[in-house]
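Structural characterization, general
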Amino acid sequence: PRGRWSFQQAGPLSRRTFAQGDLLPLRPSNEEDSEKRENSEVPGLPEGDDELLDECKPVKVLRGPTRPTKLELEEHEHSHIPFRSWCPHCMRGKSKASGHRSSSGTREKPIISIDYAFLGVSKGTSREDRIKLESEAVAAGHTPTLVMFDSESRGIYAYAATRKGYDERLCRQVVNDLDNLGYKDVVLKSDQEPAIVNLMEIIKANWNGNAALENSPVRESESNGAVERAIQTWEGQVRTVKDALEHRLGCMIPPDHPVMTWIIDYSAALLRRCLVTADGRTPYEKVKGRASRRSVAVFGEKVWYKPTHGRSKTLDYVLEEGICLGVQDRSDEALIGIANGVVKCRDIRRQSE
């Protein structure tokens, strides 16, 4: 009957499981009885925690090796080729680290991956070689570059650093870029190098948003593969811009030349404004909501620029000469090198050949 729990006699298909005369309960017939069932007390659970019964995420269990047959075992013992996970000798001699598989779902927080890169330094075959080569580069006057990659917009940011670890100017630039991205919750990810871990903690302390720190396993830099690939893309752009500038100047530019500071930043800015991602938009469009309208000149080109302070006297020049060194994302202003330093301006004009 409606309004009560209804039962039916066990049918022929269930006689092998249930004895004759057993009754099989069906679902509740109305909302009142369903609510009584949901609110019933469960032994062993505190009051108000009934939802724990319905919510559970299974534990990811490692798959064990299959058991080989006697014939497989005998054939494998002759050469131990190919690798077999059930063979203890193969596991001890040929086993490799587990693959770094990307998650099939999307993470709720954007991942900001950070790592150091050295330009003009040979890459060692091991971690010890890399540390030695980097130490020699620092002693020779080379400075590291901090590269930051945003997983959400796919934007690459690069900052010339004076040294590894704490750098007040560098921290201020990273915090400003995190503010420009518009995020409130992010994950700051890096390897476990003490210098970069210390830098991340300082950035987290000085940023107004909520940053969760995450580190890749020791000696497993591939776990932070997003920033590794970003560094490769950025290094290629740096080499291209540097080669084009050397061709126009007719001379070589050493890695420790001051202009490299601006090539580092400008190369990353070009990638953010021009490199189209899989969804058909550039990282700049994703952050700003529109394409960049800034007209830029060739890096290192002499241009006419209009000073922001304007003319104080009638006979002051309207436009002045400077060197194009880059562009700023936040204000979309061009960076112009002059005799006294670097200035920002809104309007630039190209000169004739």
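What you are looking at is a predicted structure, and each value in this text was computed from that prediction instead of being measured.

So, about the packing of helix H5 (residues 168–181) against helix H6 (residues 194–206). Packing of H5 against H6 leaves a shortest axis separation of 10 Å and a crossing angle of 55°. If you check the angle between H5 and H6, you find them oblique. Note that H5 runs across H6; the crossing there is right-handed. Residues Leu170, Cys171, Val174, Val175 and Leu178 of H5 form the contact with H6, whose participating residues are Leu199, Ile202, Ile203 and Asn206. A per-class count over the contact of H5 with H6 returns eight nonpolar, one polar and no charged.

Before going further, it helps to examine the side chain of glutamate 246. Tracing the backbone through its elements, the reader meets glutamate 246 in helix H7 (residues 225–249). Look past the residues within four positions of glutamate 246 in its chain and what remains in contact with it is Cys251, Met252 and Ile253.

It is worth spelling out the confidence of the model for the protein at this point. For the protein, per-residue confidence averages 76 on the pLDDT scale, and 68% of positions sit at 70 or higher. Per-residue pLDDT stays below 50 along residues 5–29; that stretch engages in 28 contacts with residues further than four places along the chain or on separate chains.

Turning to the packing of aromatic side chains, a few remarks are in order. Going through the model one piece at a time under the given rule, you end up with one aromatic pair. Taken together, a centroid distance of 5.5 Å and an interplanar angle of 25° make the contact between tyrosine 266 and phenylalanine 299 stacked. Residue tyrosine 266 is located in helix H8 (residues 259–274), and its partner phenylalanine 299 is located in the loop between helix H9 (283–288) and strand E8 (302–305); the two are separated by 33 residues in the primary sequence. Residue tyrosine 266 is classed as buried on the basis of its relative accessible area of 4%. A relative accessible area of 4% means that phenylalanine 299 is categorised as buried.

Attention now moves to a positive patch on the surface. A contiguous patch of positive charge on the surface is contributed by Lys288, Arg290, Arg293 and Arg330. Tracing the sequence through the fold places arginine 330 in the loop between strand E9 (320–327) and strand E10 (334–338).

The pairing of strands in a sheet comes from backbone hydrogen bonds and takes either a parallel or an antiparallel form. As summarised here, the arrangement of the five strands in space is E11-E10-E9-E8-E12, forming an open sheet in which the pairing is antiparallel. Edge strands, defined here as strands with exactly one partner in the open sheet, are strand E11 (341–345) and strand E12 (348–350). Direction aside, neighbouring strands of the sheet carry axes that sit 50° apart on average. Here E10 pairs with E11 via five bridges, running antiparallel. By the bridge assignment, glycine 337 is partnered in E11 with valine 342. Lying on the sheet, H8 is in contact with E9, E10 and E11; it crosses E9 at an angle near 65°.

Calculation rules
- Residues numbered from 1 in each chain as written.
- Predicted model: local features only at pLDDT ≥ 70, side-chain atom pairs only at ≥ 80, totals over all residues.
- Heavy atoms only, no water.
- Axes fitted to C-alpha atoms, helices over the stretch in contact; angles between N-to-C directions.
- Helix = DSSP H or I, 4+ residues; strand = E, 2+ residues; numbered from the N terminus.
- Parallel < 35°, antiparallel > 145°, perpendicular 65-115°, else oblique.
- Left-handed = near helix turned anticlockwise from the far one by under 90°.
- Contact = heavy atoms within 4.5 Å.
- Nonpolar A, V, L, I, M, F, W, Y, C, P; charged D, E, K, R; others polar.
- pLDDT = per-residue confidence, 0-100.
- Phe/Tyr/Trp six-rings, centres within 6.5 Å; stacked < 30°, edge-to-face > 60°.
- Buried < 20%, exposed > 50% of the residue type's maximum accessible area, 1.4 Å probe, protein only.
- Patch = residues over 30% accessible without salt bridge, like charges linked within 9 Å, V, L, I, M, F, W, Y side chains within 5 Å.
- Areas by Shrake-Rupley, 256 points an atom, 1.4 Å probe, with all protein chains shown as cover.
- Salt bridge = Lys/Arg side-chain N within 4 Å of Asp/Glu carboxyl O.
- Lys, Arg positive; Asp, Glu negative; His and termini not counted.
- Charge placed at Lys NZ, Arg CZ, Asp CG, Glu CD.
- Pairing = 2+ DSSP bridges.

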